[in-house]
Amino acid sequence: MTSALLLLADGRFPAGGHAHSSGLEAAVAAGRVSSLSTLESFLLGRLYTTGLVTAAFAAASHHAAAHPATSTAAAHPAAQGAAAAHLATPSGAVEGGSVPRLGDMECAAGSEVLLQLDEELEARMASPATRVASRKQGAALLRAAKMVWPGDGYGLLPQRRDGVHHAVVLGVTAAAAGLSCAEAALIACYSQVTGQASAALRLLGFSPYDIQRLLAQLAGQCDAVAMAATAHAGKDPAELPMFSSPLADISAELHATWEVRLFAS
Amino acid sequence: MRAVARVVAQADDAGVTRLTGLRSEAPLLLRHTPATTGPAVVHLLGGAAGPLGGDELRLEIAVGERARLCVRGIAASIALPARSGAVSRMTVTVRVASGGELHWLPEQLIAARGCHHLAMSNVELAEGARLLWREELICGRHDEQPGDVTVSTSVTYAGKPLLRQALQVGPSAVHWAGPGVLGGAKAVGSLLGVNSESWPEPRTAAPEAMMAQSEVASPTAVRMPLGTGPGWLVTATAEAAPALRAVLTPAR
């Protein structure tokens with residue numbers, strides 16, 4: 001499944017990610033990021049807070065789409081019947097594989113969890129500017145994903161005119177692309193770190209070699225956070241990580257007031 | 001030390017708030033401060049130094065329909081290490097019924113060097129409940145690096161998540177002091193308002209837009225409307241406790 005992973009993680013995937021700096025532009029303007037060492041500190045500080053949260057939600061959303069019945073068994077006794085029915089079906093190619101056709105009970109359970117995940121993620125984003133950016137990126141990803149990897153899974157997503165949060169759509173898309181939960185979490189971490197790093201390249205004029213070396217140095221931590229995030233798949237959405245960064249919220253709001261900016265967020 | 005303290009506030013037939021339950025256990029000492037008007041006021045006194053590593057402290061607050069309660073602190077609490085390195089825990093569990101109101105305005109939590117402290121708050125608000133909730137964390141005393149502290153706040157409104165956030169500082173947290181998280185600020189905090197118009201000064205938005213619009217009070221303090229319910233959150237960082245308090249003081 002490596003090619004699908006690379007395809008979805010690629011900055012060239014037409015989901016509009018390049019328009020967002022995930023807070024880097026605001027940090028540069030505030031004078032907080034101006035060198036490679038402050039950039040490294042910024043990337044790691046956000047990776048272990050907002051990065052972990054979005055990766056956990058991507059993993060949990062993947063799980064809800066790929067295993068719609070089992071993901072709710074603990075939280076909703078009504079879903080346990082559906083879980084049993086799901087387990088009774090002949091070994092469907094669920095594990096990291098294509099999503100099987102879903103029964104009505106499973107669909108109901110899966111959409112209920114995805115709705116909860118979207119609301120729980122909303123409660124983890126105090127900044128309205130961050131929420132808007134996340135929903136816009138979710139809508140853009142969903143448009144592209146439906147064309148690239150058509151499937152039933154997208155029907156489980158909540159219907160919202162302003163879009164579903166990006167991490168939730170990412171999880172469902174990864175399931176549709178045949179990727180695993182861990183891969184969904186990894187893409188979430190990787191996209192955040194590389195998105196911020198390439199914004200830094202454009203804003204601060206670093207050498208591309210320096211930026212790539214820094215990203216290579218951070219690869220192990222990116223993997224580790226993704227692995228930690230994956231462990232949350234299938235849990236009650238309320239119990240997912242909720243680490244936040246005060247400056248992420250504050251600077252996203254400051255950034256939203258600027259009349260001229262290079263990035264949307 | 002292990003301690004459980006409890007406050008139950010209920011409105012009587014005349015609408016006056018009575019404390020029908022008030023249980024203290026050292027070091028969580030609660031004192032009812034008589035007030036002739038307004039909400040019932042309870043002060044939370046630290047009956048000992050700490051929280052100290054190994055402490056398991058629990059405070060439960062219940063506010064009934066139409067009851068109004070204000071909980072304040074007397075002095076900052078300082079999270080201190082145990083020689084064993086044990087973790088200290090302070091859990092605050094709150095339920096506010098419809099039409100009830102709670103103001104939670106304690107003093108700061110100071111993370112001393114070497115501490116291992118978890119401060120967890122779980123707040124359950126019924127539809128129509130009102131809340132003001134302040135949290136302030138000071139990373140170390142004067143000229144001191146803080147130990148490990150995690151402050152987590154979980155608030156639901158009418159059964160839906162309203163705010164869930166957690167902040168980790170100290171040697172075990174990754175680049176928490178760096179430009180991605182606190183940017184070198186020593187003081188960080190928030191003030192959450194639910195069905196409340198007591199947002200701090202200065203106000204920049206038009207009165208009718210106050211609930212819907214963010215306000216940037218300073219480059220390190222903003223007030224943000226929340227996404228899933230009638231709440232707003234002021235988040236701020238500052239050099240020191242007094243400057244933080246200045247932007248987290250609710251208007252009367």
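It should be noted that the structure appears before, not after, this text.
Notes on the structure follow. (Residues numbered from 1 in each chain as written. Chains lettered and ligands numbered in written order. Predicted model: local features only at pLDDT ≥ 70, side-chain atom pairs only at ≥ 80, totals over all residues. Heavy atoms only, no water.)

All names here are of chain B. Structurally, threonine 91 can be placed in strand S8 (residues 88-96). Using a relative accessible area of 17% as the deciding quantity, one classes threonine 91 as buried. Contacts of threonine 91, omitting those with residues within four sequence positions, involve Leu57, Arg58, Leu59 and Met120. (Helix = DSSP H or I, 4+ residues; strand = E, 2+ residues; numbered from the N terminus. Buried < 20%, exposed > 50% of the residue type's maximum accessible area, 1.4 Å probe, protein only. Contact = heavy atoms within 4.5 Å.)

Our focus in this paragraph is the nonpolar core. Leu8(A), Leu24(A), Leu39(A), Leu114(A), Leu117(A), Leu157(A) and Leu179(A) are the most contacted members of the largest nonpolar core, which has 70 residues in total. Mapped by element, the contributors of at least two residues to this core are helix H1 (2-9), helix H2 (24-29), helix H3 (36-66), helix H5 (104-123), helix H6 (128-148), helix H7 (166-176), helix H8 (181-204) and helix H9 (208-230) of chain A. The greatest single-element share of this core, amounting to 16 residues, is contributed by H3(A). When near neighbours in sequence (up to four residues on either side) are disregarded, Leu39(A) contacts Leu24(A), Val33(A), Ala200(A), Phe206(A), Ile211(A) and Leu214(A). Counting 41 residues, the second-largest nonpolar core is a separate cluster that includes Ala11(B), Leu131(B), Leu162(B) and Leu192(B). (Core = buried A, V, L, I, M, F, W, Y, C linked by side-chain atoms within 4.5 Å.)

Our next topic: the pairing of strand S18 (residues 231-238) of chain B. All names here are of chain B. Across the eight residues of S18, eight count as buried, placing the element largely inside the fold. What you see with S18 is no split at all: Gly231, Leu233, Thr235 and Thr237 on one side and Trp232, Val234, Ala236 and Ala238 on the other are buried throughout. Here five bridges tie strand S17 (residues 221-225) to S18, and the two strands are oriented antiparallel to one another. Pairing of alanine 221 across the sheet is with alanine 236, part of S18. Where S17 hands over to S18, the hairpin turn is made up of five residues, counted between the paired strands. (Pairing = 2+ DSSP bridges.)

The next point concerns the interface of chain B and chain A. Taken together, the contacts link 38 residues of chain B with 32 residues of chain A. Taken together, both faces of the contact between chain B and chain A bury some 2,800 Å²; the carbon and sulfur share is 67%. For the pair chain B and chain A, the interface holds two salt bridges. One salt bridge in this structure joins Glu119(A) and Lys160(B), with 3.0 Å as the shortest N-O distance. (Buried area = accessible area lost by both parts, 1.4 Å probe. Salt bridge = Lys/Arg side-chain N within 4 Å of Asp/Glu carboxyl O.)

Residue and element names in this part refer to chain A. At a minimum axis distance of 7 Å, the contact between H3 and H7 shows a crossing angle of 45°. Considered as vectors, H3 and H7 are oriented oblique to each other. The interaxial crossing formed by H3 with H7 has right-handed handedness. Counting all contacts with H3, which are made through Thr54, Phe57, Ala58, Ser61, His62, Ala65 and Ala66, the residues of H7 involved are Ala167, Val168, Leu170, Gly171, Val172, Ala174 and Ala175. For the contact of H3 with H7, the per-class residue count stands at 10 nonpolar, four polar and no charged. (Axes fitted to C-alpha atoms, helices over the stretch in contact; angles between N-to-C directions. Parallel < 35°, antiparallel > 145°, perpendicular 65-115°, else oblique. Left-handed = near helix turned anticlockwise from the far one by under 90°. Nonpolar A, V, L, I, M, F, W, Y, C, P; charged D, E, K, R; others polar.)

All names here are of chain B. The seven strands lie next to each other as S2-S1-S5-S8-S11-S13-S14, forming an open sheet whose pairing is mixed. The sheet terminates laterally at strand S2 (17-23) and strand S14 (160-169), the two strands that pair on one side only. Here the average twist between neighbouring strands, direction ignored, is 10°. Note that strand S5 (residues 56-63) and S8 share eight bridges and pair parallel. Pairing of glutamate 60 across the sheet is with threonine 93, part of S8.

Here the bond from Ala26(B) into Pro27(B) is cis, since omega is 5°, no more than 30 degrees from zero. When you line up the elements, Pro27(B) lands in the loop between S2 and strand S3 (28-33). Its identity as a non-glycine residue notwithstanding, Ser22(A) has a phi of 50°, on the positive side. Checked against the element boundaries, Ser22(A) lands in the loop between H1 and H2. The exposure class assigned to Ser22(A) is partly exposed, which follows from its relative accessible area of 33%. Positive phi, close to 65°, is recorded for Arg66(B), a residue that is not glycine. Tracing the chain through its elements places Arg66(B) in the loop between S5 and strand S6 (68-73).

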